[in-house]
Amino acid sequence: MRVLSKVAFSALVVALLGLPAAAQTTARAYPTGVVTIVVPFTPGGSTDILGRLAAEVLQAELKGSFVVENRTGAGGAIGTASVVRAEPDGYTLLQAAANMAINPFLMNDLPYDTVKDFQPITLTHLTPYVVVVSAQSSVQSFADLIERIRKASTPLTYGSTGPGSPQQLATMLLAQQLKLPAMTEVPFKGSSAAHPDLIANRVDFMIDPLAASGPHIKSGLLRALAVTTRERNGSFPQIPTALEQGANQYVFASWGGVFAPARLPASLVRTLNQDIRKILSNPEVMKKFDSMGLVGWHPRERELLISRRPPNGNVSQLWRLSSPQASPELLTLGDEPINTEIGRAH
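Residues numbered from 1 in each chain as written. Predicted model: local features only at pLDDT ≥ 70, side-chain atom pairs only at ≥ 80, totals over all residues. Heavy atoms only, no water.

### What about the overall build of the chain?
Then comes step 1: Secondary structure assignment for the chain yields 10 helices and 12 strands.
Then comes step 2: Within the chain, buried positions represent 57% of all 346 residues.
Then comes step 3: Counted over contacts in the chain with a minimum sequence separation of 6, partners at least 24 positions apart contribute 79%.
Then comes step 4: With the model as given, the accessible surface of the chain reaches about 14300 Å², and the carbon-plus-sulfur share is 53%. (Helix = DSSP H or I, 4+ residues; strand = E, 2+ residues; numbered from the N terminus. Buried < 20%, exposed > 50% of the residue type's maximum accessible area, 1.4 Å probe, protein only. Contact = heavy atoms within 4.5 Å. Areas by Shrake-Rupley, 256 points an atom, 1.4 Å probe, with all protein chains shown as cover.)

See the structure below:
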């Protein structure tokens, strides 16, 4: 595994832009057996929460059996690889997160090609992040945390879910933009694994998915200092943004989507895409997203995977590109716009 530098490393662009909704096909008989949705992270994290929600609503919509399996390890690579080995028959799906875009640039020996070995079905959501500390911590505000990071005689500790994880990159990006001194990373297998130490104040802070930390914020076990999106979250309007509190242009969010093994029949791609898009527009599902602090993504006309290695990529570039805050058509790398027409389905 390659070691991340503090400031710069190779960047990967992954954008999912809508496949067309299709006419009815013979795939409407699907599914006749159990469909497994692989979540490559531990239970209780934002990806797991979304995978279980997807299973619930797909089961209701398609009148079939959908189950979630957590296959963890190696920053999501183990579970992701298991989907590549599955038959492309629609009975094994992947609830993916941004790690899928990042791992190819951190691991030399990935047993799959992110672009060639997967069929994107749909982008499902954007994941806002939140800066949290234990309720036991004496840190009372985002400004207080930044001051302590700067003045601490011993580097503060922060929780992550491993090298290249969004939690780590969010912290690196904050350090880069605010020119903060070194901090000590404490890696965990997942957000849910980090929470006991975070709640007990054994880890100083964490930049975590709002969906994962949200229940502990509501219960009073964690103190939320700032959300990392441009605007306050509708479900947690009391939490100010980092931007409001003077964090320059610090904006950070991750994404999630559904993938299948490559060579999945086009009829099944259309079936799944159409039904998931329908589900994402359901008011009840939207309420569930809102309650978890997630931003539901409603795909437009296209959905495809774009991969590009920008020259001299750095953390800022990586997350400006793989964490869309607005329409993906607006994303750029320097002066070069991303070509959203590559591989467009006609």
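There's more to say after this.
### Description of the packing of helix α6 (residues 191-199) against helix α7 (residues 210-219)
Then comes step 1: Where α6 meets α7, the axes come as close as 10 Å, and the angle between the chain directions of the two elements is 35 degrees. The two elements α6 and α7 cross, and the hand of that crossing is right-handed. In this structure, α6 uses Ser191, His195 and Ile199 to contact α7, whose residues at the interface are Ala212, Ser213 and His216.
Then comes step 2: Along the lines of polarity and charge, the residues of the contact of α6 with α7 split into two nonpolar, four polar and no charged. (Axes fitted to C-alpha atoms, helices over the stretch in contact; angles between N-to-C directions. Left-handed = near helix turned anticlockwise from the far one by under 90°. Nonpolar A, V, L, I, M, F, W, Y, C, P; charged D, E, K, R; others polar.)

### As for the pattern of salt bridges
Then comes step 1: Scanning the model with the defined rule gives nine salt bridges in all.
Then comes step 2: For Glu61, the salt bridge goes to Lys278, with nearest N and O atoms at 3.0 Å. You can see Glu61 sitting in helix α1 (residues 46-62) and its partner Lys278 sitting in helix α8 (residues 266-280), a full 217 residues away along the chain.
Then comes step 3: Two residues, Arg232 and Glu244, come together in a salt bridge whose shortest N-O distance is 2.8 Å. Of this pair, Arg232 sits in the loop between β8 (222-227) and β9 (253-261) while Glu244 sits in the loop between β8 and β9, placing them 12 residues apart in sequence. (Salt bridge = Lys/Arg side-chain N within 4 Å of Asp/Glu carboxyl O.)

### Describing α1
Then comes step 1: Between the first and last C-alpha of α1 there are 24 Å, a value that for 17 residues agrees with the 24 Å anticipated at 1.5 Å per step.
Then comes step 2: Of all the positions in α1, only Ser46, Thr47, Asp48, Leu50, Gly51, Leu53, Ala54, Ala55, Val57, Leu58 and Leu62 are classed as buried.
Then comes step 3: After α1 finishes, the residue Lys63 shows a positive phi value of roughly 60 degrees. (Expected span 1.5 Å × (residues − 1).)

### Section: the packing of α1 against helix α9 (residues 283-291)
Then comes step 1: At a minimum axis distance of 12 Å, the contact between α1 and α9 shows a crossing angle of 165 degrees. When the interaxial angle is binned, α1 and α9 end up roughly antiparallel. In terms of crossing hand, the pair formed by α1 and α9 is right-handed. Mapping the contact onto sequence places Leu50, Leu53, Glu56 and Val57 in α1 and Val285, Lys288 and Phe289 in α9.
Then comes step 2: In terms of residue class, the contact of α1 with α9 is made up of five nonpolar, no polar and two charged. (Parallel < 35°, antiparallel > 145°, perpendicular 65-115°, else oblique.)

### What about the pairing of strand β6 (residues 184-187)?
Then comes step 1: Sheet analysis places strand β5 (residues 157-160) next to β6, joined by four bridges and oriented parallel. Note on β6: the bridge partner recorded for Tyr158 is Glu185.
Then comes step 2: Each parallel crossover has a hand, and the one from β5 via helix α5 (residues 166-178) to β6 is right-handed. (Pairing = 2+ DSSP bridges. Right-handed = clockwise from strand over helix to strand, strands pointing away.)

### Digging into the confidence of the model for the chain
Then comes step 1: When pLDDT is averaged along the chain, the result is 78; 77% of the residues meet or exceed 70.
Then comes step 2: Contacts from residues 1-27, a stretch scored under 50 in pLDDT, to residues over four places away or in other chains number 107 contacts.
Then comes step 3: Note on residues 300-346: pLDDT is under 50 here. Beyond four places in sequence and across chains, it has 128 contacts. (pLDDT = per-residue confidence, 0-100.)

### Considerations on α7
Then comes step 1: Looking only at α7, the buried set comprises Leu210, Ala211, Ala212, Ser213, Gly214 and Ile217.
Then comes step 2: Looking at the packing, one finds that the buried side of α7 touches α1, β4 (118-134), α6, β7 (205-209) and β8.
Then comes step 3: Remark: Gly220 follows α7 within two positions and exhibits a positive phi of approximately 90 degrees.

### Describing the packing of aromatic side chains
Aromatic rings considered in pairs are described by the distance between their centres and by the relative angle of their planes.
Then comes step 1: In the structure shown here, the tally under the stated rule is five aromatic pairs.
Then comes step 2: Taking the centre distance of 5.6 Å and the plane angle of 85 degrees together, the rings of Tyr112 and Phe118 count as edge-to-face.
Then comes step 3: Among the aromatic residues, those joined into a cluster by ring pairs are Tyr112, Phe118 and Phe259. (Phe/Tyr/Trp six-rings, centres within 6.5 Å; stacked < 30°, edge-to-face > 60°.)

### Let's talk about the pairing of β4
When a strand is regular, its side chains alternate between the sheet's two faces.
Then comes step 1: Within β4, 16 of the 17 residues are buried, which leaves it mostly tucked inside the rest of the structure.
Then comes step 2: Here nine bridges tie β4 to β9, and the two strands are oriented antiparallel to one another. In the sheet register, His125 faces β9, and the bridge partner there is Gly256.
Then comes step 3: Pairing between β4 and strand β10 (residues 295-296): two bridges, direction antiparallel. Bridge pairing links Leu126 to Val295 in β10.
Then comes step 4: Alignment of β4 against β7, held across four bridges, turns out to be antiparallel.

### Structural notes on the nonpolar core
One broad trend across soluble globular proteins is that nonpolar side chains are buried collectively.
Then comes step 1: Counting residues in hydrophobic clusters, the biggest one holds 46 residues, and the most contacted among them are Phe142, Phe205 and Tyr250.
Then comes step 2: Sort the elements by how many residues they give to this core and α5 lands first, with seven residues.
Then comes step 3: Other than its neighbours up to four places away in sequence, Phe142 contacts Val131, Leu174, Leu225, Ala226, Ala242, Gln245 and Ala247.
Then comes step 4: Grouped together as the second largest cluster of nonpolar side chains are 29 residues, Ala211, Ala260, Leu272 and Leu294 included. (Core = buried A, V, L, I, M, F, W, Y, C linked by side-chain atoms within 4.5 Å.)

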